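# Coordinates in review
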Amino acid sequence: MKITARIGRVGLSVLLSAALLASCDATGDPRPPHLPYESEAEESETWTESEQEPEKTDVSALISFGGDILIHSSVINAAETEDGGYDFAQFLKYGMEGFFDGDWNVVNMENPVDVNGDNSGLSTYPQFNAPREVTDLAYLMGADTAIFCNNHVYDKKYAGFAATIGNLSKKLDVAGAYLSQEEYETPYIRDVNGIKVGLLAYTDHVNGYAADRLEPYSLRTFALNTDSVPAMAEDIRSLREAGAEAVVIYLHWGAEYRDAPSDTQVKIARALCEAGADIIVGGHSHCVQPIEKYTFTDDAGEERTSIIMYSLGNLFADQTSLQTMSGYGSSYRKTQHGVKVSVCLTKDGETGKVTVTGGEYVPTVLLRRKVSGKYYLMFLEAGKYSFCEERPDIFETDAEWTKCREAYERVCEIMGDDIPAREYGGEAETPPAAA
């Protein structure tokens, strides 16, 4: 069945949103650190060590995902400071520092970073090399882990690939990219608030670089067809045997600028869920695609639910080609519409079984305006500004505000109604003051 865009609006009561709020309410604390949730279980008044075992309580973990960080020339120019450095923190001043506030926060780093070690030779499309300070951007947003498994990883050959891993590792965990056979074979399993979550990352291409120019253990690749599923299913099985209680799969795949996945992508994603994946996160389209809550019966005859994010699109990118869509009054860049998706996992205290128990998404937008000959960028949580009665002061024109509101509307429309958008009301409608 082909996934199509479906209308999703605030207030939809789906996928146990109450469970998300009750058992996976993120702390909201700024970086660092992200503190685990404290157990609400109370110690029994009559318990003694010799008389009975302590009560086994459920534990929950909130994992938040963001799409591509992709640094084009307009972003580099906007970030450049008078002393020749780069300040990316300025783009987070409208409430976006600490935006990722789950127990584990994952983003995709689309481009190589400071491949020469001195911020020289910076470049953008088609072969990227971003300033080293982009690592600070991801970190200050609240990211813990950067996926580096995509079509641009070898833009600056293997040396650039290795340098990027080193640069990212100064502030973030790096997943999906390896510098040795031993690293490649070592399972990536992270303890997330008492739940052992494993991660595997794959890309369906590396921009045509010949295999003999790459180290075979550098990253996992797959062909975009269902013949790839058995080998990937074996990777999932191995990850669970190594101790993973839940599995996240990252897939860099498919066609760019499409609002929905292909039939083949749907088949692959669902097959991987049936093989043991709890969460699938897609990228490469540079625009958001639907979320699916996929419920099925496993081999043991039990009903299971997995979450499939076919593509999270861009998180922080300023791609300039206009993308139009019927039903909206202005031309806009759908490549500047993004989303944060949070998924709640809960482990049953008695059985140890981990299940998906909630989810929520938060639309974002990157706006630009020209100031003194270069672009000024505004990275916003779109919903905070979409329900104000009057135009918030941060917008210079009604047209800017309209683009923000259109971003919120359109992301909700594309994402569908399998999980809800964050609800806004009361104080949430009041925009945060700029720093």
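Rules behind the numbers
- Residues numbered from 1 in each chain as written.
- Predicted model: local features only at pLDDT ≥ 70, side-chain atom pairs only at ≥ 80, totals over all residues.
- Heavy atoms only, no water.
- Helix = DSSP H or I, 4+ residues; strand = E, 2+ residues; numbered from the N terminus.
- Buried < 20%, exposed > 50% of the residue type's maximum accessible area, 1.4 Å probe, protein only.
- Pairing = 2+ DSSP bridges.
- Axes fitted to C-alpha atoms, helices over the stretch in contact; angles between N-to-C directions.
- Left-handed = near helix turned anticlockwise from the far one by under 90°.
- Contact = heavy atoms within 4.5 Å.
- Salt bridge = Lys/Arg side-chain N within 4 Å of Asp/Glu carboxyl O.
- Patch = residues over 30% accessible without salt bridge, like charges linked within 9 Å, V, L, I, M, F, W, Y side chains within 5 Å.
- Areas by Shrake-Rupley, 256 points an atom, 1.4 Å probe, with all protein chains shown as cover.
- Lys, Arg positive; Asp, Glu negative; His and termini not counted.
- Charge placed at Lys NZ, Arg CZ, Asp CG, Glu CD.
- Core = buried A, V, L, I, M, F, W, Y, C linked by side-chain atoms within 4.5 Å.
- pLDDT = per-residue confidence, 0-100.
- Polar contact = N/O pair within 3.5 Å; in protein donor to acceptor, adjacent residues only side chain to side chain.
- Expected span 1.5 Å × (residues − 1).
- Phe/Tyr/Trp six-rings, centres within 6.5 Å; stacked < 30°, edge-to-face > 60°.

### Considering the environment of Ala382
Note that Ala382 resides in the loop between β14 (374-381) and α8 (383-386). Overall, the relative accessible area of 0% leaves Ala382 in the buried class. When the C-alpha positions of Ala382 and Val339 are compared, they lie 9.5 Å apart, and in sequence the two are 43 residues distant.

### Some words on the pairing of strand β9 (residues 291-297)
Remember that side chains alternate between the two faces of the sheet whenever the strand is regular. As judged from the 7 bridges shared by β9 and strand β10 (residues 303-309), these two strands associate in the antiparallel manner. Bridge pairing links Thr295 to Thr305 in β10. Taking the residues that link successive antiparallel strands as the turn, the β9-β10 hairpin has 5 residues, and the phi of Gly301 there is positive, at about 85 degrees.

### Focus: the packing of helix α6 (residues 229-241) against helix α7 (residues 263-274)
Packing of α6 against α7 leaves a shortest axis separation of 10 Å and a crossing angle of 35 degrees. Taken as a pair, α6 and α7 cross one another with a handedness that is right-handed. Across the interface between the two elements, Val229, Met232, Ala233 and Ile236 of α6 pack against Ile268, Ala271 and Leu272 of α7.

### Quick word on the pattern of salt bridges
The final tally for this structure, using the stated rule, is 21 salt bridges. Ionic pairing is found between Arg391 and Asp398, a salt bridge with its closest N-O pair at 2.8 Å. Judged by its relative accessible area of 48%, Asp398 falls in the partly exposed class. Residues participating in the shared-partner salt-bridge network are Glu360, Glu381, Lys384 and Arg422.

### What about a negative patch on the surface?
Together, Glu55, Asp58, Asp348 and Glu350 make up a region of like negative charge exposed at the surface. For Glu350, the position within the fold is in the loop between β12 (337-347) and β13 (354-371). On the accessibility criterion, Glu350 (59% relative accessible area) is exposed.

### Things to note about the nonpolar core
Counting residues in hydrophobic clusters, the biggest one holds 96 residues, and the most contacted among them are Ile69, Met309, Phe316, Val341, Tyr361 and Leu380. Top contributing element to this core by residue count: helix α9 (residues 398-415), with 8 residues. Those residues in contact with Met309 that sit more than four places away from it in its chain are Phe65, Ile279, Ile280, Val281, Gly282, Pro290, Ile291, Val341 and Val343. With 23 residues, the next largest nonpolar core counts Tyr202, Met232, Leu251 and Tyr310 among its residues.

### Some remarks on the confidence of the model for the chain
Of all residues in the chain, 82% attain a pLDDT of 70 or more, and the chain-wide mean is 85. Contacts of residues 1-50 to residues separated by more than four positions or lying in other chains number 117 contacts, the stretch itself having pLDDT below 50.

### A word on the sheet that holds strand β8 (residues 279-283)
The strand order across the open sheet built from 6 strands is β5-β6-β7-β8-β10-β9, with neighbouring strands paired in mixed fashion. Edge positions in the sheet fall to β5 (189-192) and β9, since each has one partner strand and no second. The sheet shows a mean angle of 25 degrees between the axes of neighbouring strands, taken without regard to direction. With 5 bridges connecting them, strand β7 (residues 246-252) and β8 associate as parallel partners. If you follow Leu251 over to β8, its bridge partner there is Gly282. Where α7 meets the sheet, its contacts fall on β7, β8, β9 and β10, and the angle it forms with β9 comes to roughly 45 degrees.

### Quick word on the side chain of Thr357
Secondary-structure assignment places Thr357 in strand β13. Using a relative accessible area of 14% as the deciding quantity, one classes Thr357 as buried. Among the polar contacts listed, one links the side chain of Thr357 to the side chain of Thr346, at a separation of 2.8 Å.

### Thoughts on the environment of Glu390
Counting through the fold element by element, Glu390 comes out in the loop between α8 and α9. C-alpha of Glu390 to C-alpha of Trp401: the two residues are 11 residues apart in sequence and 9.8 Å apart in space.

### A short note on α9
Its 18 residues give α9 an end-to-end C-alpha distance of 26 Å, which sits within 8% of 26 Å, the value for a rise of 1.5 Å per residue. When we look at burial in α9, the residues that qualify are Glu400, Trp401, Cys404, Glu406, Ala407, Tyr408, Arg410, Val411, Cys412, Glu413, Ile414 and Met415. Turning to α9, the residues buried within the fold contact β9, β12, β13, β14 and α8.

### Some details on the packing of aromatic side chains
Taken as a whole, this structure holds 15 aromatic pairs when the rule is applied. Ring centres 6.2 Å apart and planes at 15 degrees place the aromatic pair Trp104 and Tyr188 in the stacked group. With Trp104 in strand β2 (residues 104-109) and Tyr188 in the loop between α5 (181-185) and β5, this residue pair connects regions lying 84 residues apart in the sequence. Given a relative accessible area of 0%, Trp104 falls into the buried group.

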